[in-house]
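So you can see what is in the structure, the chains are spelled out below.
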Amino acid sequence: MRLFLAGSVLLSAAAYYVYLPLPSGVCEPWKLMLLDALFRSFMHASDVAHALGVTHRVHLVNQIVSLAEVIEAYPCPAVHVFDSTLGGVSTRVFQPKGGKKLKRGVLYFHGGGWTHGSGRMRSYDHMCRRMAEDLDAVVMSVDYRLAPEAVFPEQYHDALAASRAFLSAQVLEHYSIDPERVCVSGDSAGGNLAAAVVQEMTSDDSLTVKFKAQALIYPVMQALDFNTPSYQQNQAVPILYRPAMVNFWLLYLGADSSLETLLLANNHSSLDQPAISARTRSKFDWTTLLPDIRKKQFQPVIRETGSLGVVDELPALMDVRAAPLLAELEVLGRTPKAYVMTCEFDVLRDDGLMYVRRLQEAGVTVTSDHYEDGFHGCMAFAFLPMLSSVGQRSLDNYINWLDQNL
Ligand SMILES: *[C@@H]1O[C@H](CO)[C@@H](O)[C@H](O)[C@H]1NC(C)=O
């Protein structure tokens, strides 16, 4: 009897821990709940370790991830897989075997809030193997340095160094990559790096080889409005909660975590900030950049007065290398055709959709692929054990787009 009682208490505690009310319409809510419980337990464990002074919370999460998720570059029948460096940055290479003709090339930046993740993780490794095989493309997955050890602009510089090396005559020749068929891609924070790098490189006249396409998966695009309709709607939807995204920004920019509440309140972009001009505001003004169907009933959070000096202290908030949404139309207009994948249940949905709109205004051909049942990170869960349905669908469509456009 006592055992039974203890069992039921434990079971209800577990159910309570796992259970989370999710918005209706999200794909496979039970899988998402389990995933979220797993993530939260990692976070709680690392919070405890952090509080005890054992290790920085970021490190513990990264250690757990490397133990559970990082895999060797094991060989497979159709693709050579090995770890190398690209422009001095460690990179996993996926090179299709055989065939005389030139290959397509894809440079990939993984997600993880500029803080977590690796191209050597099972999910990214599997994704790149599949791309290499299905597209007969040489895929390189870049392990740029991570926060808190590296902060902006170091991640960006790593991404740029790897991209320059990828497009160099030496690398293109060595891997038999067709210089006319190269693409840069990435998800989440990696989508941010891909977008920033392609803006810089297409504006650089000294480069003869240019990316033919950019494929951005639920990218992070701006840090001046943390109350877009998608930030409001999805603030409590796993796996990327609104405060977590703000914290990733603070880690990336090397800023104090105490700024979290201020940023969540949009106090850093209040109307009395002299550093933010009306022109800059128009570049992240969702009331004009988003279609009505996404604005729904949400109201903009625009403060008359806020906390002055934050933008001066953290100029990166306004830096296009960190926030590619803020680029000038002339810069955007030079970037190649784009694929932007967004998910309805993602705080970053509107970052991506506003970028779609600004690219279109600049005259770029854009495929906007929106998943009404998608959640942030779903593509990385297309594989076992999660086998997320929306993850698989979106991965198929992404690879299909690359096949037709690269
Ligand atoms: C935001 O700014 C207002 C006005 O300056 C101030 O009263 C408030 O405390 C600030 N909020 C935060 C969270 O910093």
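The rules we used
Here the residue numbering is sequential within each chain, running from 1 through the sequence in written order. For this predicted model, a pLDDT threshold of at least 70 governs which residues receive local features, and a threshold of 80 or more governs which side-chain atom pairs are given and counted, while totals over whole chains, interfaces and linings are taken from all residues. Each helix is a run of H or I in the DSSP string that is no shorter than four residues. Each strand is a run of E no shorter than two, and both are numbered from the N terminus. Our radius of gyration looks at C-alpha atoms and nothing else; its globule reference is 2.2 Å times the residue count to the power 0.38. Around each residue's C-beta, the other C-beta atoms within 10 Å are counted; 20 or more make the residue buried, 12 or fewer make it exposed, and counts in between make it partly exposed. All C-beta atoms are placed from the backbone. What counts as a contact is two residues whose backbone-derived C-beta atoms lie within 7 Å of each other. Those domain boundaries reflect an automatic or database domain assignment. By the convention used here, strands pair only if DSSP detects at least 2 bridges between them. To obtain an axis, a line is fitted to C-alpha atoms, over the contacting stretch when the element is a helix, and the angle between two such axes runs from 0 to 180 degrees between their N-to-C directions. UniProt positions are given in the numbering used here, feature names are shortened, and annotations may be inferred rather than shown by experiment. The C-beta atom of each residue is placed using the backbone, and any residue whose C-beta lies within 6 Å of a molecule or strand is treated as near it. Residues are sorted three ways: Asp, Glu, Lys and Arg are charged, Ala, Val, Leu, Ile, Met, Phe, Trp, Tyr, Cys and Pro are nonpolar, and all the rest, Gly among them, are polar. Think of a nonpolar core as buried Ala, Val, Leu, Ile, Met, Phe, Trp, Tyr and Cys residues chained together by C-beta atoms that fall within 7 Å. For classification purposes, angles smaller than 35 degrees are called roughly parallel, those larger than 145 roughly antiparallel, those between 65 and 115 roughly perpendicular, and all remaining angles oblique. For any pair of crossing helices, the crossing counts as left-handed if the nearer helix is rotated counterclockwise from the farther one by less than a right angle, and right-handed if it is rotated clockwise.

Caption draft 1: Molecular detail of the overall build of the protein chain. A count of helical and extended segments in the protein chain gives 17 helices and 8 strands. In terms of C-alpha radius of gyration, the protein chain reaches 21 Å, essentially the compact-globule figure of 22 Å for 406 residues. Summarising its shape, the C-alpha atoms of the protein chain cover approximately 70 × 60 × 40 Å along the three principal directions. Looking at the 406 residues of the protein chain, the share that counts as buried comes to 45%. Considering only intrachain contacts with a sequence separation of at least 6, the fraction spanning at least 24 residues in the protein chain is 75%.

Caption draft 2: Here's a closer look at the domain arrangement of the protein chain. Assigned domains of the protein chain: these are domain 1 (66–223 + 328–405) and domain 2 (229–316). Taking only C-alpha atoms into account, the centre of domain 1 sits 25 Å from that of domain 2. The partner domain 2 presents 23 residues to the 24 residues of domain 1 that form the contact. Looking at the side of domain 1 that touches domain 2, the element that brings in the most residues is helix H16 (residues 349–361), giving 6 residues.

Caption draft 3: Molecular detail of the sheet that holds strand E4 (residues 137–142). Spatially, E1-E2-E4-E3-E5-E6-E7-E8 is the arrangement adopted by the 8 strands of the open sheet, whose pairing is mixed. At either margin of the open sheet sits one strand with a lone partner, and together these are strand E1 (79–86) and strand E8 (366–375). Strand-to-strand twist across the sheet, computed as the mean angle between neighbouring axes with direction ignored, equals 20 degrees. The sheet strands contacting helix H4 (residues 122–135) are E1, strand E2 (89–96), strand E3 (103–109) and E4, and the helix crosses E4 at an angle near 160 degrees. On the sheet, helix H17 (residues 389–405) packs against E3, strand E5 (177–187), strand E6 (213–217), strand E7 (337–345) and E8 and is oriented at approximately 170 degrees with respect to E8.

Caption draft 4: Looking closely at the UniProt feature "active site" (unreviewed entry) in the protein chain. Here, UniProt's "active site" (unreviewed entry) annotation points to Ser188, Asp346 and His376. What stands out for the annotated residues spanning 189 residues is how close their C-alpha atoms remain, the widest pair being 10.6 Å apart. Looking at the element boundaries, Ser188 is found in the loop between E5 and helix H7 (189–202). Apart from residues lying up to four places away in sequence, Ser188 is in contact with Gly111, Gly112, Tyr218, Pro219, Val220 and Gly377. Judged by the 25 C-beta atoms lying within 10 Å of it, His376 is buried. Excluding its chain neighbours within four sequence positions, the residues that come into contact with His376 are Tyr218, Ile239, Leu240, Cys343, Asp346, Val347 and Leu348.

Caption draft 5: Summary view of the site of the ligand. Thr261, Leu262, Ala265, Asn267, Thr305, Gly306 and Ser307 make up every residue found near the ligand. Its residues assigned to classes, the shell around the ligand shows 2 nonpolar, 5 polar and no charged.

Caption draft 6: Main features of the pairing of E2. Burial analysis of E2 places 6 of its 8 residues in the buried class, which makes it a mostly covered element. With 8 bridges connecting them, E1 and E2 associate as antiparallel partners. Along E2, the bridge assignment pairs His80 with Gln95. Taking the residues between adjacent antiparallel strands as the criterion, E1 and E2 are bridged by 2 residues, where Gly87 takes a positive phi near 60 degrees. The pairing of E2 with E4 spans 4 bridges and is classified as antiparallel. Paired with Thr91 across the strands is Val142, a residue of E4.

Caption draft 7: Molecular detail of the UniProt feature "domain: Alpha/beta hydrolase fold-3" (unreviewed entry) in the protein chain. Per the UniProt entry, the sites bearing "domain: Alpha/beta hydrolase fold-3" (unreviewed entry) are residues 106–261 and 318–379 in this numbering. For residues 106–261, the end-to-end C-alpha separation is 39 Å, with 42% helix and 17% strand making up the annotated structure. A distance of 29 Å separates the end C-alpha atoms of residues 318–379, which is 31% helix and 31% strand.

Caption draft 8: Structural context of the nonpolar core. Ranked by size, the top nonpolar core spans 113 residues in total, and within it Val139 and Val142 carry the most contacts. Each of domain 1 (66–223 + 328–405) and domain 2 (229–316) accounts for three or more of the residues forming this core. Those residues within four positions of Val139 in sequence are excluded, and the remaining contacts are Phe94, Val106, Tyr108, Cys128, Met131 and Ala132.

Caption draft 9: A look at the packing of helix H5 (residues 154–166) against H7. Taken N-terminus to C-terminus, the directions of H5 and H7 make an angle of 60 degrees; their axes are 10 Å apart at the nearest point. Overall, the two elements H5 and H7 adopt an arrangement that is oblique. Here H5 and H7 pass one another in a crossing that is right-handed. Between H5, through Gln155, Tyr156, Ala159, Leu160 and Ser163, and H7, the contact on the second element is made entirely by Leu193, Ala196, Val197, Glu200 and Met201.

Caption draft 10: Quick peek at unusual backbone geometry. With an omega dihedral of 5 degrees, the bond running from Ala147 to Pro148 counts as a cis peptide bond. For the bond running from Leu384 to Pro385, omega is 0 degrees, close enough to zero to count as cis. On the secondary structure map, Pro385 appears in the loop between E8 and H17. Phi angles above zero are rare outside glycine, and Tyr218 is one such case at about 25 degrees.

Caption draft 11: Structural view of the pairing of E5. Both E3 and E5 contribute to a ladder of 6 bridges, which runs parallel. Paired with Leu107 across the two strands is Val184, which belongs to E5. Relative to E6, E5 runs parallel, the two sharing 5 bridges. In the sheet register, Cys183 faces E6, and the bridge partner there is Ala213.

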